[in-house]
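# Commentary on secondary and tertiary structure
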Amino acid sequence: MREGRQVRPTRCYFRFLCFVLGFWFLVFLQYVIVDEWYPHTGTDNHRHFRGAVTMNPHGLPSDRHARLKHGRDNHRLHWNNVHVGHVPKGGNSDSDHLFKRFGREGFRNDHLPKVNKSDNGRYIDKFVGEGLPKANREVKVLEKDRKSDAVRNIVEYIQKEMAAPDSPDGVSNKTLELVREDVKDKSRTLRSHTDYNAREEADVRRILDKMAPRAHMKAPGEFGKAVQVDMASLSKEEKFKMELGFNRTGFNLYVSDLISLRRRVPDMRSAGCRGMVYPDDLPATSIIICFHNEAWSTLIRTVFSVLDNTPQHLLHEVILVDDASDEPSLGTSLEEYLRPLPKVKLVRASSRVGLIGARLLGVATATADVLTFLDSHVECMKGWLQPMLHRITEEEFTVTYPVINGIDSKDFNIYQVEVYYHGLFNWVDLTYFPSQLTLSMMRKRKSITEPIMSPTMPGGIFTISRRYFDLLGGYDPGLKVWGGENMELSFKTWMCNGTVELLPCSHIAHVFRTTNPNLGKDAYKTILNNAMRVAFVWMDEYKYLFFNNIVKNHITPEFGDVSGRVALRKRLQCKSFHWYMKEVATDLYAPVSAVAISKIVNVKFSDYCLAHSIYYPKVWCGPCDKYIQQQIVWYLENGQLLAGVLWREKPWMCLAVNSSQLVMSERCDAIKPRGQWTYTHENTLMNTLHKKCIELIPGQALVLSQCTGVPTQKWQIQQPSYNLTPHPKAP
Ligand code: UDP
Ligand code: MN
């Protein structure tokens, strides 16, 4: 370089500094523009989105199934379905009688344990019914002899105390509208809770600091950071321990145990949410946390994170419901450990009652006017509760749920998920899945903080008014172990004058796992059984879109007695499922007028059926008793043959002609005339465009040939046939 042009080092530094400052200024500008000018785009969250691009933004694991081990098949999009399960003993009968009681007597609490309010609900004088723990002493920790006959399980309690009588005087003739008027008056009491109490706040902090002092800022996992374990440095025993933990819990227990029980978590709210101010007089809530064999560290971290992130005046109590865990660490040592915490109560089910039964047990014990449900492996984030409570004071008939960020099951990294989704459901098993808001929904949004109306919710974490929960008949106690209850509550909330809302300003983190140790080998059966109950009661003519996917021909599905739930719906005078589909789940594909076909059998080779891949462009003819799922077809109004079960959202595959020769399976939306079929009077399947018919020639792939009406071109169409009368006894 020549002398004269040499750049002085100070100028060089100056330029570098300008460049760096300029860069950060641009970053800042982008932040402001995106966040404040285009709030509806939701791009604010892309910046933080570190998690795997999962189909599962705010939901519990993808469709609450994702974590189950045995996929139904190995297809690309089927990786996350299911299913295995332990079905606990327990009644299966139906009940909903709260509405009746409410209607007759006007108070929601009369079926509940009598609580001595003078001590702020800390003493439970007496429990009515056999199904609840006995405790005539202070209930800091509710203790119960697990072997006691007196305490059988909540399902029995519900059956006995809450069974819907058929007698005419037991039936309330109040409609939901009328009751709603009652509720309006009484909803004022929602606001009547204790004032903010700084001393109480300090007391809790002191107790927590004593039990589990905050870790160093750089301790493992602080601020939601991933914990990287150097596997090479682990001894053989430690590696074994890690594997054991994984198998037991479905997540990296070894890592969880390394993390502080009170780790600091990041604030993942958008700037708009951070500035929100909520009234001081929000109602206090009972927080219900059910668990079955939860790991110690995740369970205690859940409890501590509730206590650390919830203003004390909003926290009425934390009710831990032990669903008959047999882990030694969750026995009396848990009671001892929790004893110093004034608002934490422990209730135990004597035998496994499943998630739904355990929640109902929690509800029966809870004494606040607002109920909040949490999983037992979550971490609450700053300001998580206020938006949910606030929304309920604005409109009591609202079920609110937070943005559920992920805690990685391997390294416990807390990652942010997309916010601008809402919940839909799979037709195939009524499991939840999140779906991006459509452009028009986004355009209607006035701010990033506005609630997102959600047709369904993941169901693990939500807040609801006690009165509304009771009014809606709680959960169907015939739902076993896990699943279906989120759809039941979502459907009936919408159909019975309420709304289900995702609140973008409320954030929580939840451990998503790929296998769920709580669910044994019959889980899929149980989940389907639950789904059938919900579908039968709530889904009107749309239920066939679900049932036709799952029932085997000529086999009457059995899902127990649902007459009580049917009566409940009638009493509530809720809207139709058609209304729900047209007004609420508007972006869920529902070909309700489609003809379900369970088999397309070749006339010449009558053991052979048309089969297709749901994901690949492949159609073939195979033995009818094999590939049963791949033989299901829906004949749509537009002449398309939609291949397979109605799983998730689009694109589905339809039978189509690739060239004039081959019969392929392609995306339904890309194949218009090539995918239209006529089932002729000669029983041939004729392509409308090419006027050619599908023919089965032995030893060859399926072909399209000139329609001659030979038996190899003829196909017999079989529709699913089954009787949908609910079975009176438990399956
Ligand atoms: N759970 C329970 N009993 C059961 C199954 C689950 O108490 O039979 C609890 C479980 O410990 C957890 C909550 O219910 O706190 C939700 O279950 P899980 O986390 O397995 O469901 P997911 O988050 O996968 O939907
Ligand atoms: Mn969970």
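Presented here is a report on the structure given in the accompanying data block. (Residues numbered from 1 in each chain as written. Chains lettered and ligands numbered in written order. Predicted model: local features only at pLDDT ≥ 70, side-chain atom pairs only at ≥ 80, totals over all residues. Heavy atoms only, no water.)

Let us now look at unusual backbone geometry. Negative phi values dominate among residues other than glycine, just as trans dominates among peptide bonds. The phi dihedral of Phe 412 falls on the positive side, at around 60°, and the residue is not glycine. Residue placement: Phe 412 occurs in the loop between β8 (398-407) and β9 (414-415). In this structure, Leu 430 is a non-glycine residue whose phi angle is positive, near 55°. For Leu 430, the position within the fold is in the loop between β10 (421-425) and β11 (432-436). (Helix = DSSP H or I, 4+ residues; strand = E, 2+ residues; numbered from the N terminus.)

This part is about the coordination of the manganese ion (ligand 2). Listed as protein donors to the manganese ion (ligand 2) are Asp 375 (OD), His 377 (NE2) and His 510 (NE2); their distances from the metal cover 2.0 to 2.2 Å. Each donor residue of the manganese ion (ligand 2) belongs to the same chain, with the gaps between them written as D-x1-H-x132-H. The burial state of Asp 375 is the same as that of His 377; both residues are buried. (Donors = N, O, S within 2.8 Å, 3.2 Å for Na, K, Ca; no water. Buried < 20%, exposed > 50% of the residue type's maximum accessible area, 1.4 Å probe, protein only.)

What follows deals with the pattern of salt bridges. The full count for this structure, using the stated rule, is 27 salt bridges. Among the ionic pairs, Asp 476 bridges to Arg 533, the shortest N-O distance being 2.8 Å. Placement of the pair is Asp 476 in the loop between α14 (466-471) and α15 (485-495) and Arg 533 in helix α16 (residues 523-538), with a sequence separation of 57 residues. Each member of the pair Asp 476 and Arg 533 is classed as buried. One network of salt bridges, in which partners are shared, links Glu 201, Arg 205, Asp 209, Arg 214, Arg 262 and Asp 308. (Salt bridge = Lys/Arg side-chain N within 4 Å of Asp/Glu carboxyl O.)

It is worth spelling out the pairing of strand β4 (residues 315-323) at this point. Most of β4 sits inside the fold, with 9 of its 9 residues counted as buried. Here strand β3 (residues 285-291) runs beside β4; their pairing, made up of 7 bridges, is parallel. Residue pairing for β4: Ile 289 is matched across the bridge by Leu 320. The handedness of the β3 to β4 crossover, carried by helix α9 (residues 296-309), is right-handed. Across 6 bridges, β4 lies against strand β5 (residues 344-349) in parallel orientation. The residue of β5 that forms the bridge with Leu 320 is Leu 346. Between the parallel pair β4 and β5, the chain is carried across by helix α10 (residues 332-338), and the sense of this crossover is right-handed. (Pairing = 2+ DSSP bridges. Right-handed = clockwise from strand over helix to strand, strands pointing away.)

A word on the packing of aromatic side chains. Enumeration over the complete set of coordinates arrives at 19 aromatic pairs. Here the aromatic rings of Phe 304 and Tyr 337 are separated by 6.3 Å at their centres, their planes lie at 35°, and the arrangement is tilted. You can see Phe 304 sitting in helix α9 and its partner Tyr 337 sitting in helix α10, a full 33 residues away along the chain. Looking at Phe 304, the relative accessible area reads 0%, which means it is buried. (Phe/Tyr/Trp six-rings, centres within 6.5 Å; stacked < 30°, edge-to-face > 60°.)

Compared with an ideal rise of 1.5 Å per residue, which puts 14 residues at 20 Å, α9 spans 20 Å between its outermost C-alpha atoms and is within 8% of the ideal. Buried residues of α9: Ser 297, Thr 298, Leu 299, Ile 300, Arg 301, Thr 302, Val 303, Phe 304, Ser 305, Val 306, Leu 307 and Asp 308, and no others. (Expected span 1.5 Å × (residues − 1).)

Treat this as a map of the structure, not an account of what it does.
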